[in-house]
Amino acid sequence: MSETQSTTASADSTEQAPQTTTGETIEETRSEWTEYEFDGQAKLTAEGLDVFYGDDHAIKDVSMEIPEQSVTALIGPSGCGKSTFLRCLNRMNDRINSARVEGSVSLDGAEIYQEGVNLVELRKRVGMVFQSPNPFPKSIRDNISYGPRKHGDIETGWLARLLGRSDEAAEEELVERSLQQAALWSEVEDRLDDNALGLSGGQQQRLCIARALATDPEVILMDEPASALDPIATAKIEDLIDDLSEEYTVVIVTHNMQQAARISDQTAVFLTGGQLVEYGNTDRIFEDPRSQRVEDYISGKFG
Amino acid sequence: MTPVTRKRYQESLDALRGDVVGMGELVLDHLKGGLESLSTGDEALAREVIDGDDAVNEIYLDLEDRCIDLFALQQPVAGDLRFVAASFKIITDLERIADLATNLGRYALSGDEGLEPEVSIGDIGDVAIDLVERSLRAYESGDVDACHRIAADDDELDALCLRASESLARDLIEHEAGGDGPWTAERLLDDVSTILLAVRDLERVGDHAVNVAARTLYMVENDPALLY
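Source: prediction; values computed, not measured.

The rules behind the values
- Residues numbered from 1 in each chain as written.
- Chains lettered and ligands numbered in written order.
- Predicted model: local features only at pLDDT ≥ 70, side-chain atom pairs only at ≥ 80, totals over all residues.
- Helix = DSSP H or I, 4+ residues; strand = E, 2+ residues; numbered from the N terminus.
- Buried ≥ 20, exposed ≤ 12 C-beta atoms within 10 Å, placed from the backbone.
- Contact = placed C-beta atoms within 7 Å.
- Nonpolar A, V, L, I, M, F, W, Y, C, P; charged D, E, K, R; others polar.
- Pairing = 2+ DSSP bridges.
- Axes fitted to C-alpha atoms, helices over the stretch in contact; angles between N-to-C directions.
- Core = buried A, V, L, I, M, F, W, Y, C linked by C-beta atoms within 7 Å.

Participant: Help me out: how do you make sense of the overall build of chain B in this one?
Facilitator: Helix and strand counts for chain B stand at seven helices and zero strands. Expressed as a percentage of the 228 residues in chain B, the buried residues total 40%. Partitioning the contacts of chain B with sequence separation of at least 6, the portion at a separation of at least 24 is 80%.

Participant: I keep staring at the interface of chain B and chain A and nothing clicks. Help me out?
Facilitator: When the parts of a complex come together, some accessible area is lost, and that lost area is often used as the size of the interface. On the chain A side, the residues contacting the 13 residues of chain B number 12 residues. For the side of chain B that touches chain A, a count of residues per class yields five nonpolar, five polar and three charged.

Participant: Where do I start with the sheet that holds strand S8 (residues 249–253) of chain A in this structure?
Facilitator: Sheet strands associate in pairs through backbone hydrogen bonding, adopting either a parallel or an antiparallel arrangement. Residue and element names in this part refer to chain A. Read from one edge of the open sheet, six strands run S6-S7-S8-S3-S9-S10, paired in mixed fashion. Only two strands of the sheet have a single partner each, and these edge strands are strand S6 (126–129) and strand S10 (275–281). Along the sheet, successive strands turn relative to each other by an average axial angle of 15°, direction set aside. In terms of strand pairing, strand S3 (residues 71–75) meets S8 through four bridges, oriented parallel. Pairing of Leu74 across the sheet is with Val253, part of S8.

Participant: Would you take a moment to explain the pairing of strand S2 (residues 56–67) of chain A for this structure?
Facilitator: Residues in a regular strand point their side chains to alternate faces of the sheet. Residue and element names in this part refer to chain A. Pairing geometry for strand S1 (residues 42–53) and S2, over eight bridges, is antiparallel. Paired with Val51 across the strands is Ile59, a residue of S2. Between the antiparallel neighbours S1 and S2 lie two residues, among them Gly54 with a positive phi of about 60°.

Participant: Would you take a moment to explain unusual backbone geometry for this structure?
Facilitator: Most of the time, phi is negative for any residue but glycine, and the peptide bond is trans. Phi is positive for A:Asp108, which is not a glycine, with a value near 50°. By secondary structure assignment, the location of A:Asp108 is in the loop between strand S4 (99–107) and strand S5 (110–111). When the 14 C-beta atoms within 10 Å are taken as the criterion, A:Asp108 is described as partly exposed. The phi dihedral of B:Asn222 is positive, around 55°, even though this residue is not glycine. The topology assignment puts B:Asn222 in the segment after helix H7 (185–221).

Participant: Just to check I follow, could you spell out the sheet that holds S2(A) for this structure?
Facilitator: As summarised here, the arrangement of the four strands in space is S2-S1-S4-S5 (chain A), forming an open sheet in which the pairing is antiparallel. Whereas interior strands pair on both sides, the edge strands pair on one side only; in this sheet they are S2 and S5 of chain A.

Participant: Please explain the nonpolar core as it appears in this structure.
Facilitator: Nonpolar side chains in soluble globular proteins tend to be buried together. Counting 136 residues, the largest nonpolar core has B:Ile124 and B:Ala213 as the members making the most contacts within it. Each residue touching B:Ile124, except ones within four places of it in the same chain, is listed here: B:Val119, B:Leu160, B:Cys161, B:Ala164, B:Val199 and B:Leu202.

Participant: What's the story with the environment of B:Arg215 in this structure? I'm lost.
Facilitator: Residues and elements named next belong to chain B. Here Arg215 lies in helix H7. In sequence terms Arg215 and Ala225 are 10 residues apart; their C-alpha atoms lie 9.8 Å from each other. Discounting residues that sit within four places of it in the chain, Arg215 has contacts with Ala86, Lys89 and Ile90.

Shown next, in the form of structure tokens:
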């Protein structure tokens, strides 16, 4: 697909479909393509979300509800805004000076873009795993307990009270539980004090997932979590995502459409220009998409 | 025009469509040959139809293989997925039609005393051939209206087949009761059985044509309406 963005029809040709700058008519998006009805509660809701990087309009009027305890995949070509959208969900874009966010994102119905939101608390509830594994150059154990220590959960004895243990025992238990959840425990249980950088790429990524889980999040955002991994490590991460969705709300950005098809419950397709074009059950999106552009994209048939 | 990517994949899909239609044409030839041999008693033609079934089976296996390769290697989705899945099913129906055409050839060899039901086998055969032809064209061009019409017209074929079967049964009973005429009861029984089988086979040809139409409707519009 060309990198050109659609231009809005000029005043004297309001009836015409939008065109690319090459003059090619492109399909108009329809709001019913992104209306997704599901059973259960929405964990995250974006409404009329726009994001600008300086003059660049990276996300255009995106509204979508993300169901809790499920896996939502965000797919689309490079530059379509899917990672930007993901970063809006825990306000990671706040760290980029030129970024400006308009519209609303709510977590369990509470607006996260309002004065007085504690970003540390928000990111504890909405954790993130990145494309390249980025463990701290510390021991495996310290990688897990760093977050809870930073949040004070260990020092204040919150965890110990919760688990009915001494602080030290609580920390041990937290490390084991997090590593178990991330399907890494059996591979590292006898070397918890080794440096995390000595692990393989796939193990490092699962350590990062364990680290995200250790702060007891509700939502886990993943930005291409398996793109740097071999097929076996990828399969482990995919199994893990499946397990996690029983308890957590997982939102994953992936370039690998087969991965999205394999692991997600619902899929949102972003296309060039920062628009959410279609959103729905993953089965439906991959078997019977409504939008021709989405069909062409997922079939790999755009040029 | 948008430049096409995945060129080889696209070419494989186009080739599959063409070759499924090609298989259909061959099967139609066999069906026509089977019917002709049955009505004319042409034994050479009947043997040709029977021997030709191996070639149909080979094409069927080749196409099945290519569909599996497309699933495994290209992971088709959306319209492409429905096209390959529909084709995968349709070739089975075409192969069955060829088997039924082979049956007609066998009946031709088994002899015929010239008994004709109220509705002639030739007339029933023409309706069945028409349904198969139309279902192939519908698949080739993705014509959903044609799919619905084929399903409706198959009811007409079923009605013809029923009338033919009933008239044969009536003939058998009447001749048995009368006892005279050019046929002995035993020869008549053989003959009626063969024609009844031919009628049943042609009715099934129509059902397979409807299956082709049903898969085509699913392929084009993701609409399962005609699938049983």
